[in-house]
Every structure is written in structure tokens, then in C-alpha cells.
There are 6 protein chains.
Amino acid sequence: MSESFPTAPRITTGDVIGQPDFTRLPRFAAPATFAALPAPGEVSDLDVAIVGVPYDSGVSYRPGTRFGPAHIRNASKLLRPYNPEADAWPFQSQQIADFGDIGVNPYNIDEAITTIERSMRAVLERSPRLLVLGGDHSIALPTLRALHAVHGPIAVVHFDAHLDTWDTYFNTPILHGTPFRRASEEGLLDREACMHIGTRGGLYAPGDMDDDRALGFATVRCEEIEFTGLSGAIEKLKARVGQRPVYVSVDIDVLDPAFAPGTGTPESGGLTSRELLTMLRSMNSLNVVGGDIVEVSPAYDHADITGLAAAHVGYEILSAIAPAVDLSSFRTR
Amino acid sequence: MSESFPTAPRITTGDVIGQPDFTRLPRFAAPATFAALPAPGEVSDLDVAIVGVPYDSGVSYRPGTRFGPAHIRNASKLLRPYNPEADAWPFQSQQIADFGDIGVNPYNIDEAITTIERSMRAVLERSPRLLVLGGDHSIALPTLRALHAVHGPIAVVHFDAHLDTWDTYFNTPILHGTPFRRASEEGLLDREACMHIGTRGGLYAPGDMDDDRALGFATVRCEEIEFTGLSGAIEKLKARVGQRPVYVSVDIDVLDPAFAPGTGTPESGGLTSRELLTMLRSMNSLNVVGGDIVEVSPAYDHADITGLAAAHVGYEILSAIAPAVDLSSFRTR
Amino acid sequence: MSESFPTAPRITTGDVIGQPDFTRLPRFAAPATFAALPAPGEVSDLDVAIVGVPYDSGVSYRPGTRFGPAHIRNASKLLRPYNPEADAWPFQSQQIADFGDIGVNPYNIDEAITTIERSMRAVLERSPRLLVLGGDHSIALPTLRALHAVHGPIAVVHFDAHLDTWDTYFNTPILHGTPFRRASEEGLLDREACMHIGTRGGLYAPGDMDDDRALGFATVRCEEIEFTGLSGAIEKLKARVGQRPVYVSVDIDVLDPAFAPGTGTPESGGLTSRELLTMLRSMNSLNVVGGDIVEVSPAYDHADITGLAAAHVGYEILSAIAPAVDLSSFRTR
Amino acid sequence: MSESFPTAPRITTGDVIGQPDFTRLPRFAAPATFAALPAPGEVSDLDVAIVGVPYDSGVSYRPGTRFGPAHIRNASKLLRPYNPEADAWPFQSQQIADFGDIGVNPYNIDEAITTIERSMRAVLERSPRLLVLGGDHSIALPTLRALHAVHGPIAVVHFDAHLDTWDTYFNTPILHGTPFRRASEEGLLDREACMHIGTRGGLYAPGDMDDDRALGFATVRCEEIEFTGLSGAIEKLKARVGQRPVYVSVDIDVLDPAFAPGTGTPESGGLTSRELLTMLRSMNSLNVVGGDIVEVSPAYDHADITGLAAAHVGYEILSAIAPAVDLSSFRTR
Amino acid sequence: MSESFPTAPRITTGDVIGQPDFTRLPRFAAPATFAALPAPGEVSDLDVAIVGVPYDSGVSYRPGTRFGPAHIRNASKLLRPYNPEADAWPFQSQQIADFGDIGVNPYNIDEAITTIERSMRAVLERSPRLLVLGGDHSIALPTLRALHAVHGPIAVVHFDAHLDTWDTYFNTPILHGTPFRRASEEGLLDREACMHIGTRGGLYAPGDMDDDRALGFATVRCEEIEFTGLSGAIEKLKARVGQRPVYVSVDIDVLDPAFAPGTGTPESGGLTSRELLTMLRSMNSLNVVGGDIVEVSPAYDHADITGLAAAHVGYEILSAIAPAVDLSSFRTR
Amino acid sequence: MSESFPTAPRITTGDVIGQPDFTRLPRFAAPATFAALPAPGEVSDLDVAIVGVPYDSGVSYRPGTRFGPAHIRNASKLLRPYNPEADAWPFQSQQIADFGDIGVNPYNIDEAITTIERSMRAVLERSPRLLVLGGDHSIALPTLRALHAVHGPIAVVHFDAHLDTWDTYFNTPILHGTPFRRASEEGLLDREACMHIGTRGGLYAPGDMDDDRALGFATVRCEEIEFTGLSGAIEKLKARVGQRPVYVSVDIDVLDPAFAPGTGTPESGGLTSRELLTMLRSMNSLNVVGGDIVEVSPAYDHADITGLAAAHVGYEILSAIAPAVDLSSFRTR
């Protein structure tokens, strides 16, 4: 039957199995994985695993990020194999597979976090690097636990309107505003090397920032970028993390609500998507071992603009992870 | 890795592999197939194949049904195994698999129609019955060609605001307004047994209806249902088709735009979703060999109400196809 | 140049100039008049004039009906020449032209109402019958003044959730809740023959209904239709108005918000669009001299469903006005 | 200052303090309580308390009903004092106050349910009857606990697409699909007198219905209403509950998604808003001691149509509770 | 009852009563005032009064700002007590109360403007400073009249795409395009010190700008900011207004439609929300005595992004008004 | 009748007939042409013709640009006669007319392209310059063919996220991704002078860019603008095109999805509308002979923000075409 049923072949470069040949398959007929990349069963050795975590029991305002992974995947169908700004081939220079979603108990935070951690550890047995599609920001904690077990202390580069180093809320320790405090307390982070970028908006008290520094974070606030442009921020970032193993955590609310309406705790005055993507692109010389895209809440999205921004964030993170190879003699069409 | 990665097991009854166990997997973490049913590779013998056809090059007004199959699948995650009104177990009394989408050339109608027909023939080699997710109504023609080759002349039960027996438009013979004229001309239909239900709105001329009758269709117009209720329509339908092989073709615009805003040629004054689902449910004593759900255009949908109606249409068609079995001792939880 | 620029010719039957030939012009390329009908400059003698009144200074809750006329016209492009339910040729058996919009002062109610009345009188010099696209319901008063000058006392058939016979609001006499009290007081109405259909929802006091009866209105409340169906309502309507000159005034909020979200004072529990269209269709034996479609507020509409319902209302009013002729030998394609 | 700041006086009839005088205050300037009714501090003795419960930690699919109470209140500003269908004065024949929202821990189901129960008991110390604005359906359980303490065993009249008598989900006993099983198990319900209306859609197994009957519920399924109309359903309802204390629980998903898109587990083929409101209206001879409107999820609502339906549901429940008094000599304007 | 009903206590610093303690009350359960701040009856001495003016009878294109105040308040629930960029405690260093909305006659511009002025004077008897939530820009005129009576000639800092110094439109002098011409003519403005920021788009004639200068305004056009960045604009602003009493008037259409779709006369090519908020933040050394946020039209907003921007504008204006105090030893949690 | 029907007179300067007098006609009552400018029948000699091409059969992802021309016109009603940034009078210094839409066969690409070309040649017989409202980008090819016949080789200034110099897709040569390759191959372009601005996102291979250069294009990528600002891009543009005849082709997806959600192949990280409009404004010293605005897909637009941006693009292109004249003594009101 296979010759008759019109499924376009996947593009391959060497051993790497990439996207379908979209010159022969309309993109709107593509499979439902991220960027239409293979499922784990279609490939053998893996460089990067993509994992969805449809979990939003840790939110404090608008819920709905449980539908985030499907939304990001759906918006990722227009991504193409060669990234000219980064001079990278994210889908052809490394083997990626999309593992689908981790199903967790939405009514029990502790059980959910445990399940996510266990699942991430299982995935890391097959693949050394991860791109996680959230879900709310809580999921960074179990992901960092699993990555720390493999890579040791991690330098978190955290794009977000908020610090996410709060302590507890309603006496609950693991929520979307607390993952990096918990991670730092647990020794998962390299306290010399973590960084927030894009922080803005009100706080509960100035002491929030003192706590934050003690937990290991430097900060490039959003207003600073308005006055100095991106170059300064990029330099600070590179200087801080060096060649440590990096986890890039992108809360989509780092973008202004105009660029990311589909999120749960929106904060006006944010980054543009061009600023965010450019900063991510600058990380391709770093040692990125994992990343996430969280807080995409589709019920508040319009024309998928938040989903599109998130898909491009994933594209740039995968490009940053990708090894530098010259595939310029390779043409997909 | 499989024990650690939290994918809930599928429910099985005898040899039939059905939905995941949704008491252990949140529905929002389900795979992207229709009703989260298996892919072809997960099962052996098949009773019903679900096939998406993301094709809309035959539309005359609003386009966008190319995104219909994904939208219907996404809205189908809440469907449950036992249909009490029909006393049917659509997912557990017959083996279903979702084949994904047929990718066709969007720029060449003839090539597209040929590809669809060839694909449907290939699918029918594995499964005797089909549920097609459109796409625009053009796709009924190649589907009927393939079904006719297996089942002989077909009684089409056609729910639609429009007749879809027009001749040509811009000199083009295969479009979303013409599939049943072409099918009748090609001898695919049983001219004693076809039927439109829900027809309404303006025509080009009264002769449109004369042509239509000659092509083999009786008609229950929508206004008739306003005055007589559903019982009369159901009786007429059963009397007309008898035990002939039936193809149920549901253009979602048979519903009023309030129930199906997400469609391309909306017509006020239509059926309610309850009327449509009840009529479909009455068909479970008929010999349904195939069906389609077409003209779902997601860009015009709100809160997925069109997608939800379409998913329930699929549920009732699968229930009508399902054999009568007593699984009441079976409990999924 | 005319042969080269692809404007499809208009369909003509006898002297009547109708829609463009839509078998040669895509509907989405049609001119911006109602149903793509001619402008006044394209025709000579007129039977029915269509006039837009983008006025909403008389609303009490959500504004925005100033954008109603353009929205209704935009949603009217799918209307076709033959209306089978009514056996009428609304566009080919009578000469219609769309005069565009009356521009009035939005800041001065008295000036606006005067301007509308003067404009309607001017239009009536060219055409004996009118279809008005609102705008808010205030515009019925100046329209009735102009029609009364030509046709004498009018039987208003009023489809609305509300009575619109309130007295004043903020000491202002001409608003969208008062046109029929003012019209009755001014002697414009035939007090033996007016009728509300579809009334529902709360009142200020039971006396509102007493006042209303005294002003000349019988009422078929919406709940009554739930229990008795349409037949009773249609009989009452025909019995009440007889062959008097009728003005059909359709406040789109007579529909349930599911069918007409785009309106200013929505009231749950309303008519379906099928009920409304069927009742309008029953009026084709009456002497309809004018009508309006008011309270369409596009900013609250979705996928144009309110606009579509309004366009179909216009179609049925024009069909009710249309003389009975047999054009069945005429084919537009 | 009070004379200068233009706050319209409230309407009073005898001791009852009702809505503001909306002939002097635009409705869009009204306070943010339900129907602009007083806050508890503005009145002394109370007949009915309105309480919001912005809680949605018990949902299984789309979240967001935490924003339901504010949304329903916002959509309730057009409600007027006299209900002609019910011949009731819901706001003037009984003293109502809106207590605002109960704030509960969103991360701990047990604590949340306990807080809601404690709050409801406190409110019942001031007012013998309750109208609850949800929130997800979990909140019916603590509300019934509090009402049972005052009124003894309750006859629940439950409008819903679903049975809500499931057992557990992810081992969690108190969720939006389980309140009535828990309530029945706890002895809160009169098992001779409870009733579901509008049930439809798939189940997990036929046994779900057996369980349900044993828990005390009779059922009028939605399809039954399609064939028999409302009269039969109303008779069954009255016969079943008699003059027992009644709790009317309205899950807005009893409406078809066309009428209530803004909900979390939508099911096609539902009631119209006219059917629902008419059935509620029939309850004004019953002994209604409380009610709720739940599962309104604003992020999926359009033009507030779900909110409007919910507000009208509240209006009819308050009318059903209201004593029969003749205030016809009273005019608000 | 108060101990049982879960209303979180308000945060207090010295005598100042601020927001509820949001570590104990979910923000979605907060009262409906701006930033959940107290109502006037909850506090004694006042520093700043917040007043809503749901008035839009002066608009020239899209209406709907009558729903602006409620929308802005609803979007303000995420605001937190400490503003790090401004190093200000807007809610804890000064006593604020939200007075709710002024209800005015929507059908009579003169009466409405008089009522607004009288109300503002009444509010100023209790509070020396004002933050006004519009409503259309007309409301700046009566507000300036009231402020001028207290503070003398005012330096208006006006963020807007438009000049709003037009003369009349349809012979009507007080509209949303004319408040600052009227105010200047009446001597309410300090003609040495007023300023437009963000002006762009077409004019009727170059003379519009000459008139504008004569009325007392300097201008920083939007395109200028594209080339020079914010620093230049901020310097010009500070130099022009000095320590005069300042009224900050923010027409939300100063933002690009991407950042503020929900407005009535949108103009492409505008400011970003980050630019606007940064400029407002620079004003905390000025003598701000009042401000407004106008032209928010919710029916055109998506995911509340316009409302969020407006709420943050209010936050920055309140921060600019706030006295410099060190509350860093104070922690809200 | 004409004196009575309130149609405001058009503004005239010398022989030029411009917009209606919008101080006497509300803009929401304006005719449906671009900026309410005259139709061809209202004027004699023409300087610029506006032509709509509702064609989208060449798209590769989201369709719907067939509704683009009407959407852009609808969003153009707020444009005013004097453009201060450009010091231009686009509507009064040159005679413009809007020809409406070209209706073409949507099912046959070759026939459609031929029809468009023939129509454009016909229009150019009346007017030497063109502004085309798309439609998808395919339409640039037949337009360039027609312009080349009049003006010789053209310098295309192409604002777009994509190169649009791909070769074929599904073996089809004329699609929305290929017009400039075809045009270059056919010798229509001046290969020394063409330019892309705003390019970004992934490619199929680096060779795409080599091909592109060979076809005659220089490129200013979007990321470059992030770092260097607009001045550099403007200089490069002016240097490259000089005084050659220029065609400005604006694919609205050159804007970030936040500014232009309503498009078919959105790409995050794009230009702001302010950047685009400023660059267009810089072209008023060039010899612009034509331009287009393409890929506006209204079904994905919100609050018309894409339409507004497109209308302003049209305004700036018309300003760039406009001759420098001093009309400052002219006042429209």
C-alpha cells in the first residue's frame, strides 16, 4: 500500500532523518510532530529529544497551557531546514525526534512533578539533549533535576517577564513562579552562571531581587534593552555562562503581549519577537544541553501568533544546539 | 524506557484496540489521531479506516478547509467509548485506525483528484469501510469512485445546505459544488436511492432541482423539518435507501452558521446539531460503507464549535457502521 | 478598455437588471452593494430601493451599528437569484438598486433624524418601496414618516426581543427603544394591525405591555413559539395585517445571541434563524411596502454569522415584496 | 459629596432594595455585582445571597472557569426588574445581595472544598437561600453540604450534558465530574427526587447509567426533548420533585456549544437557550432553596453569548425563588 | 461572619491601605476596582482618586469606549505593589481609592460634559489628585476644568497619535478630537508647557500644526523616536514641563494597533508599549497632579492586550504621582 | 434628488478630485473604494489607478487573500489628505481612481495570470501608474509584465519575509513564492537594481541566496535592521535603485505577526509597522511607477490591524508617487 498512499519521503543527510520533503507534501498535510520531525520509532540514535508536557496545575492566573504543546507543534509546520542567520541546519545536522506528550495527573502537583522527572530521565537515556514544550513553568524543575543528573550543575539562561524565584504561594512550593528557587536550593544550578533576561513589571518588594541574586542569577531587565540595544545584553550573557552546560528556559511572556497574547500572566512593555530570536541566535556558540518553551496558553492566542513565536523559539534553540556542519552542497529541492 | 514514559495503555476488547485509557491519561495529552484511536501500524485487521484529505482547491467562496482534518481530530478528544443513544460501541466493536492525511497537489485539480482516488483504493485494500475527513466536497467524487469499485452502486445520503449537483463553474468540472453530478454521470450512484437532507437557500433557477432529481436524488428541504420535525425525515430516509450500501456525506454547512460558523459557503436557517446527530443516529440499522465530513474551515471557527460538531458527526457515523454487540459487561474504569 | 477589464455582465430578464453573472465572476470579486445589485446610476425605473443608514447614536448599551450596513452588504454576496421556498425571483422580477449610505450627524439626534427622513423622502421619489439597512432602531421612525406620506397608515410587523415602545430615556424621545411609540403617537401606524413577534426577556413593569397594546400592537412572545411552533404565529400575523401596507422591521436581536451575537442589547432565549426566515417567507402574500434590518453590530460578530442572518433577512423581505412571475424558463447558467 | 457624584438611587419597593434606577444611570456605568444588585453592606435582612466561587481546579479538559463569576456578572447588566413570562419580580419581591467571590487555594482541592463549605455556611447564617456563580461543578458538593445542614435532604434538578456521578479520576474523589455521587453517598440528596435534564453524548459504559439511578437520579435525555418537546420534560420534573427543597444546578454545557461555546467539556447536540430558560421558568411553583450556574469559561466565549445565557439562567432561578407578589402598580419609570 | 468568609486582609503600610494580600487571595478572586484597591468607603484621607467615565458620545469612528473603565480595571489585577524601574510604591506610599464610574447622559453632550465636570469637582474635594479611566478623549476637558480650579494652569503631556486640537466636527465643539483646543481657549493650559508625544499619521492640512503650536503644544512626532530613541524625547519632555502641575493624558492609540487593537481611531506606525511605559516612568520627578487613560474600546481588544497596556499606563502614572519613600524593609510576603 | 440625499461633496484642488469632505460625512458612511477615492467614472485624466486582485490560488499555506482587497479598502477610511512626514498630498496632488476588482478564474492558474496581465494593460491605457491590492504574491508577475511594456526594465523594491525567487513547487511555475524569479527570467527586471528588505526565517538551502543574487537582488535582512537601525537600510535602498523606474512590492508578512497576523505564511521576528512605513516614506524622492500590497488574509486578522497596516502602506506608496506641490494654503475644513 505504501507506494500508493501519498506520504512524501523524509529528507536525509547522512544518517540523519529530517523533515518530510515539503516540495512534494503540502505543509498542511504534515504529521503533527514539532516541525514534522520524526517520532522516536522512526529513528535510531538520537541527539535531541523533543518532549511535550501538557501540565498547568501550577499557574496563578490564566490557565490553559495544558494545550500548549499541541499548539506549538501546530504552528511549527512552516519551519525550514536551513537557518541562514545562525548558519545552522537544525534538522539535518543532528538527529531529532518528537516523543509526544507526557501525561500526568492534573490534580496532584507532587505526583505530577515526580512523573515528569521520571519521564525526563527515561528520555535522557535515549537522547543527551532535550527541548521541552510546556506547559507551565513548574516543569523546569523536574527537567533540571533530570538534566543535572546527566550534566551536573546547569547555567540557566532564563527569558521571562518574571523572576520565577519566588518562594511559596498558598504554602505550595512547586509552582510556575518558583522553579528556579527550588532548583537553586537543590543544588541543580551553577550559581555563578545563571541569568534572567527581559525581566520587568512590579514586584512584591525590592528584597525579591536580593533573594534572586543570592540564588545565582544576574539580570538584564527589559528597560535596559530599550536604552542599550541587544549587543550589550548578548555580551553579558556570553560572559556569564561561558562554556558551562546551559539550559535555555523561555517563558513566552518575556515577549510583549502584542507578540504573545496567548499566555497566562502577561506583562506589558516586553521584548519583541525579533529581539528574543536574535538573542537566542547568539547562543549558538554556547554549550546548550536543553531548553524549554513554556506558558503558551492557546485560548488567548490569535491567529497563532504566540504559537508561531514559540515555534521559532524552538527553531533557534535547536539551531543553537546543532553542531556546525557545512551542508551547503545539499539541496532539498 | 517504555515503563517510565507515561503513555497510558489502550483499551482492548477482544482483538479490538481502542482509545487510550483516559482515566489514566488526561485527554489533553492524547495522540493527534481522531478520537485518539490507533495509527495503522498499531493494529492488524481493520474494519474502518479514517483518512484526512486536506484539500480545498475546489471551493468557490471562503477557502481554508485544507486545515479541516487536523481541526476535526483536535476536537475529537472528548469522545467516549459507549454511545448510549445508539447503544453502540463505535471504538470497541470494530477495529478502526486513523491513516493521517493524504498529501495532494493543491495547484492541479486533476492530479489531486487522481491522487485521492488512488490513495482511497489503497486504503480500501486494508479496510472495507472509510470515514473521510475533508477538505472540500470535491473529495467525495474520488472517494465514491474507490468505494464503487468495491461495493458497486452507492446510495448517497447527503446532508448539505446545497445540492452539489451543479454542472461546471468557470468551465471546471470537478469542484465542491459538482461531485454528485459527476458521480451520477459516471454510474457510481444508485439513482433510486440517493437523498439530500437539509437543503435550503437560493438557487440559480428552478431547473436546478429538475436536474437534481434526474441524477437520482430525493430531497428533504430544511424548511420541511421546521414544520414536520425529524420523524418524517427519518422515515423517508430509511424508506429510500433500504439495505443498499450507503455513503453518508455530511457537509458541515447543513448546520446553521450558529452551529457551524467555520465553513466556506454558509447559509442561514439550517439544522441544529441536535437534529443532525439524531438523524445520523437513526442510520445505525442501515448498511453504511463509508462517509465523509467536509467543508470545515477552521479560520472561521470559534471555540472549536464547528470542529466539535464535526467530531460528533464522525462519532455517529462510526456508530452507525459499528456492528451491534453487547459489551455491557465491559467497563473501561 | 471595457472588453479587457474582466467585469462580468449583469443578468437581465426583460428590463430588469440584476446581479452580475456569478458563473463568470467569483463572488469575492463582486461590487460592494447589497447582493452585488446595481447602483442607482446603472438603472432607470425602480421598484425597490436599498438604503443604508450607518447611525447608532440612539443605542442604550453596546454601540457599533454604524458599521452595520457595510457588514450586511459584505455578507450578502452568496445570495442567488431564485428563492425556491418562496418561489420568488427577488432580483429578477423587480428592479432594485442600492443607494449606498445616508451620512448623518452622529452628534445631534434631531438633526440626524431630520436628515434621514428627508433622504428617505427623496429616495421614495424614485422608488415606491424601501429596504433599509441599519443602524439602530431609531431609524424606523423617520423611515415610517416618509413611507406614511406615500402609503398612509402602516401595519408594522416587528420582529424584536424588545417592544421598542418605551417612552423616553434620559429625557430623550427618539432612541432605539422608542420608535414605535413615537410613530403611533404621530398617527403613522394602523393601530388595528401592528404586531410584535419574538418578544422576550424582562420589562420595567407589566404596564409596559398595556401601553404597548394601546399603541396598536398585538404580540407573539417568543416562549409561545416554543410551545406552539410557527404555524400559529404565521396565522396570527396574516390575520392581523391582512392586505394593509406592511412595514417589516427586523431587529436582529429577535434571534438568539447564538444566531446573532453581533448586536447591542442581546437577550437569551430567542428565535432561531430558521424560524425567522420561515416567518418572513410566509409574508409573500402580503402587501409589503418597506422593511428594515437593524441593530447589527459587527464588532461583536463572529465569522459574519450575524451579517449572514441579516443578509438572508433582506433576501426574504425582497422576496416578499417581489411580484409573482414565472421565470422558470430563464436560466442564469 | 454624594449629591454631586452621579450615582443613581436604587429602586425600592417596601423594604426591598433593588437595582439602580437605570432610567437615570446608563447600564454600562452600573456596579460590578450581579444585575447591579446591592452588596451585603447596603442591606439588612436577606432572602437570597449570590456568591461567586472562582475555582476550577477540578476540571478535566479546558480550564478557565475561575474567571466565570466576573464574566456572568458582567453579562447581567441588561436584566430588568419584571419577568413577564414568570410574572415575577425577582429583584423587588425579595432582598438579594451579591457577596462577591470566595477566594480559595487553587493548588489544594481538599483545602479549597473545605473553605467553600465553611464560607457557604457563613453566608447561610445571613441568608436562607443561595445562588452560586461558578467555577467548576466541584463546587456543588460543598454548597450542598451547607444547604443540607439547613434544609435537610435536597432534590437536585441538574441541567447538564453529563451525569457528574462518576467516581474518581486519577484517584481523586472531588472533581467536576463527581459532585453528585459524593453528595448522594454523603446522604445530602433525596434519592427519590433528583433528576438530570439534557444529558447526552458518550459514556464510558452502560453501567454508568445504572450507578446513576442507584444514586437517586431520573433522567430526561436531550434527544428525548427533540422528539417530545418541553412539555413532557416539565411534567416529569414537577412530578419528581414535588414540594421538596430543590437545588437547581445548571452546568452551562447543557446548552449546545452554539449557545454556550465558553465552557470546558462541550458536547454537541444540546439544548437551546430558549428550552433551558423555559424549563427553569416552569420551576417557579417549586420550593427552590438554592442553585448554581457553573462551567462558564470566558476565554472560549464570543461576544459574551455564554455569559448572557448564564446571566439569564440566574435571572430565572431568582424568579423561581421569588415569592408571588403583585407589584403591578409599581413602575420604575 | 467575616472570619469565615475568605476575604484576604488588605496590605497596610502605616496609615495607607493598599491591595489585598494576594499571597492569600487568588488574583482572579479580587474585587473589581483598579488593581483591587479600596473603595472610597474603606479609607479616610485620600491622596489619589481613581474615577471611571464610561462615556463615548464624542467619538468619530469606532465607538465602544463606554466599556473602557471596566475593561481596564479587569486587566489591572496582576499589578504588584513595588515598581522596581521607578523605585516606587504606588499603592503603599499614598492612599488611593477607586470611586467607580460616573454615569452620564449618553444622548446629550453638553449635559454629559457638565455632569463630568461637576463630579470631578466633587471628587477633588476629597482627593487632590486624579486618575481618570475613559471613555473617549472628550472627558479630558471637564477634568481639566476641575483640576484648573484647584491647581491653576496645567501643563498637559499628551500621548496620542492625534493632535486633538481640531476645532469642530459637524459643528460640534466638544468631541474626542477637540479637548485641548477648548482647554487652551478657556485658559486652562499653561501654553508654555504643553506637549504631544507620539503624533503620527495624516492631517487635514499643514495648518493643523500651526494652530496646534499657537494653542501651546510642542510635539515629539512618532517617527522622530524611531530615529533618535527615547532619550531625546524624555529630555525634551522634562525641559518643557519643569515643575509645573502636569496632567498626563494617554490616548491608548499612541500605541501601534499591534499593542492596542482595542481603540477607535487606530493609526499604524505607533509606539511600542515599552516605549510608552518607559517615558511615563521618566516622569516620576515631575509634579503630576492628574492623568487619564482614554480611548480603550474593548470590543476590538484581543486577549485584553489593550486593557493590559492601559492598566500598566495607570500603574506608571500612579508611580509618577507617588512620593519617594523607602519601604524596602516592608515585605508583603 | 441629489440635493436631498446627503452625499458629501468631494474635495477638489485644481482639477484633482479627491476624498469626500469628511467634515460633513462620517467616515463610516464613506463609499467602499480605497480611502473613499473616486471610481474611474467620476474622473477624466488619471495619474494613478488602484486595482484589486482577489486571487489566492497560488498560496502554499493559509489561503484567504482573495478577501484582501475589500479588507484593505475597508481599513482605509481613516486616511487623511495631508501626509506631514512625507510633506505630501497623495490624494490632492494627483488624480487617483479605484477601479475595483479584477475577477479571475480561481481554478486555472494560467488563465488567471493571463487575465490579470490583460486587465493591467487595459488599466495602464488610462493611467500610467498603478497601486495593486492583492491577492497573493503571484499577481506581481502579470503586473510587472504590464508595467514593463510601458516603463521598460523595473527596479523592484521588495519588502517581504521571504525571497519569492523560488523556482517551482509541485511542478508549478507561477505561485506566490516565485514571481520575481519568473520576472527576472523574462527580462522584466533591472538586475542591477532590485532589492529585498526584511528577509528572515529559514531557507531550504544556502544556495537559495546565491540564486537570488544572480536574479538581480541585493538584500537587507531583518536582523540587520535590529542592529543598525533604519538609516543604513534607507541609504542602501536609495543607492541601489537611483532614479530607475521602481515597483514597490509589499508582502504584508514583512511585518512581524504581531503587526500583521492576517497573512498566510507568517514568520516571527519581523519589522514593526513604524519601520516599514518610515522606509516607504523615504522613497518619495524615487521614481515609483507602481506598487502592490499583497498577502493580506482577513480571516486571520484581528480588529483589522493587518488591514490598517496595509492601508497605511498604500498611503505611503501613493505619497511616494505623488508630485511635490505646495497646497498649504488649501484647507479642507
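I will try to describe carefully the structure that is included in this document.

What counts and what doesn't
Residues numbered from 1 in each chain as written. Chains lettered and ligands numbered in written order. Predicted model: local features only at pLDDT ≥ 70, side-chain atom pairs only at ≥ 80, totals over all residues. Heavy atoms only, no water. Contact = heavy atoms within 4.5 Å. Buried area = accessible area lost by both parts, 1.4 Å probe. Salt bridge = Lys/Arg side-chain N within 4 Å of Asp/Glu carboxyl O. Polar contact = N/O pair within 3.5 Å; in protein donor to acceptor, adjacent residues only side chain to side chain. Least-squares fit on C-alpha atoms with pLDDT ≥ 70 in both. Pairing = 2+ DSSP bridges. Helix = DSSP H or I, 4+ residues; strand = E, 2+ residues; numbered from the N terminus. Axes fitted to C-alpha atoms, helices over the stretch in contact; angles between N-to-C directions. Core = buried A, V, L, I, M, F, W, Y, C linked by side-chain atoms within 4.5 Å. Buried < 20%, exposed > 50% of the residue type's maximum accessible area, 1.4 Å probe, protein only. Nonpolar A, V, L, I, M, F, W, Y, C, P; charged D, E, K, R; others polar. Left-handed = near helix turned anticlockwise from the far one by under 90°. Expected span 1.5 Å × (residues − 1).

### Observations concerning the interface of chain A and chain E
Inference 1: Counting from both sides, the interface comprises 41 residues of chain A and, opposite them, 40 residues of chain E.
Inference 2: For the pair chain A and chain E, the summed buried area comes to about 3,400 Å², and 56% of that belongs to carbon and sulfur atoms.
Inference 3: By the criterion of area lost to chain E, the three top residues of chain A are A:Y61, A:Y204 and A:E226, representing 22% of everything that side buries.
Inference 4: If you look at where chain A meets chain E, you find 6 salt bridges.
Inference 5: Here A:E267 and E:R80 are joined by a salt bridge, their closest N and O atoms 3.1 Å apart.
Inference 6: Run the count over chain A and chain E and you get 18 residue pairs in polar contact (both at pLDDT 80 or more).

### With respect to the relation of the copies chain C and chain F
Copies of the same chain, two in number, are related to each other by a rotation about an axis and a translation along it.
Inference 1: Once chain C is rotated about the relating axis by 180° and shifted along it by 0.0 Å, it coincides with chain F to within an RMSD of 0.0 Å. In the structure described here, the two chain copies are related by an operation that fits a two-fold rotation axis. Considering only C-alpha atoms, the residue of chain C closest to the rotation axis is C:A32, which sits at 3.4 Å.
Inference 2: An overlap of 96% is found between the interface residues of chain C and their copies at the interface of chain F, pointing to a shared contact surface.

### Considerations on the sheet that holds strand β8 (residues 217-221) of chain D
Hydrogen bonds along the backbone pair up the strands of a sheet, which may run parallel or antiparallel.
Residue and element names in this part refer to chain D.
Inference 1: Overall, parallel pairing links the 8 strands, which are arranged β4-β3-β5-β10-β9-β6-β7-β8 in an open sheet. Of all the strands in the sheet, just β4 (96-101) and β8 have a single pairing partner and so form its edges. When the angles between neighbouring strand axes are averaged without regard to direction, this sheet yields 15°.
Inference 2: Across 5 bridges, the pairing between strand β7 (residues 194-199) and β8 is parallel.

### Some words on the sheet that holds strand β3 (residues 48-53) of chain B
Residues and elements named next belong to chain B.
Inference 1: The strand order across the open sheet formed by 8 strands is β4-β3-β5-β10-β9-β6-β7-β8, and the pairing between neighbours is parallel. The open sheet terminates on both sides in strands that have one partner only, identified here as β4 (96-101) and β8 (217-221). Averaged over all pairs of adjacent strands, the angle between their axes in this sheet comes to 15°, without regard to strand direction.

### Structural notes on the nonpolar core
Buried together is how nonpolar side chains tend to be arranged in soluble globular proteins.
Inference 1: If you look at the biggest cluster of nonpolar residues, it comprises 165 residues, and the most contacted ones within it are B:F159, C:F159 and D:F159.
Inference 2: If we ignore the near neighbours within four places in the chain, the residues touching B:F159 are B:I197, B:V248, B:S249, B:V250, B:D251, B:V254, B:L276, B:M279, B:L280 and B:M283.

### Remarks on the pairing of strand β6 (residues 155-159) of chain E
Residues and elements named next belong to chain E.
Inference 1: Among the 5 residues that make up β6, 5 are buried, leaving the element largely enclosed by the rest of the structure.
Inference 2: Taking every second residue as pointing to the same face, both faces of β6 are buried, with A155, V157 and F159 on one and V156 and H158 on the other.
Inference 3: Examined bridge by bridge, β6 and strand β7 (residues 194-199) share 3 bridges and lie parallel to one another. Each bridged residue has a counterpart across the sheet, and for V157 the counterpart in β7 is M195.

### Observations regarding the relation of the copies chain A and chain E
Inference 1: Each copy of the sequence occupies a distinct position, and chain A is placed on chain E by a rotation of 120° and an axial shift of 0.0 Å, giving an RMSD of 0.0 Å. Those values place the two copies in the arrangement expected of a three-fold rotation axis. The C-alpha atom lying nearest the rotation axis in chain A is that of A:A258; the distance is 3.3 Å.
Inference 2: The overlap is low: 10% of the interface residues of chain A also sit at the interface in chain E, so different surfaces are used on the two sides.

### Quick look at the arrangement of the chains
Inference 1: The two units chain A and chain C never meet; even their closest C-alpha atoms stay 14 Å apart.
Inference 2: Spatially, chain D is disjoint from chain F: no contact exists, and the shortest C-alpha separation is 14 Å.

### Section: the interface of chain C and chain F
Inference 1: Taken together, the contact between chain C and chain F spans 26 residues of the former and 25 residues of the latter.
Inference 2: Taken together, the links from chain C to chain F amount to 0 salt bridges.
Inference 3: Secondary-structure elements contributing two or more residues to the side of chain C that touches chain F are β4 (96-101) and α2 (109-126) of chain C.
Inference 4: Taken together, the residues of the side of chain C that touches chain F break down into 17 nonpolar, 5 polar and 4 charged.

### Some points on the packing of α2(C) against helix α3 (residues 140-151) of chain C
Residues and elements named next belong to chain C.
Inference 1: Here α2 crosses α3 at 35°, and the two axes come no closer than 8 Å. At the point where α2 passes α3, the crossing takes the right-handed sense. Here α2 contributes I113, I116, E117, M120, R121 and L124 to the contact with α3, which in turn contributes P142, T143, R145, A146, L147, A149 and V150.
Inference 2: The residue makeup of the contact of α2 with α3, split by class, is 9 nonpolar, 1 polar and 3 charged.

### Examining helix α2 (residues 109-126) of chain A
Because each turn of an α-helix spans 3.6 residues, side chains separated by three or four positions in sequence point in the same direction.
Residue and element names in this part refer to chain A.
Inference 1: Here α2 is 18 residues long and its end C-alpha atoms lie 26 Å apart, about the 26 Å a rise of 1.5 Å per residue gives.
Inference 2: Buried residues of α2: I109, A112, I113, T115, I116, E117, S119, M120, A122, V123 and L124, and no others.
Inference 3: Buried residues along α2 sit against β3 (48-53), β4 (96-101), β5 (129-134) and α3 (140-151).
Inference 4: Looking at where α2 begins, the residue whose side-chain oxygen comes 3.2 Å from the main-chain nitrogen of D110 is N108.

### With respect to the environment of A:E125
Inference 1: Looking at the secondary structure, you find A:E125 in helix α2.
Inference 2: Taking C-alpha positions, A:E125 is 13 Å from A:S44, a pair spaced 81 residues apart along the chain.

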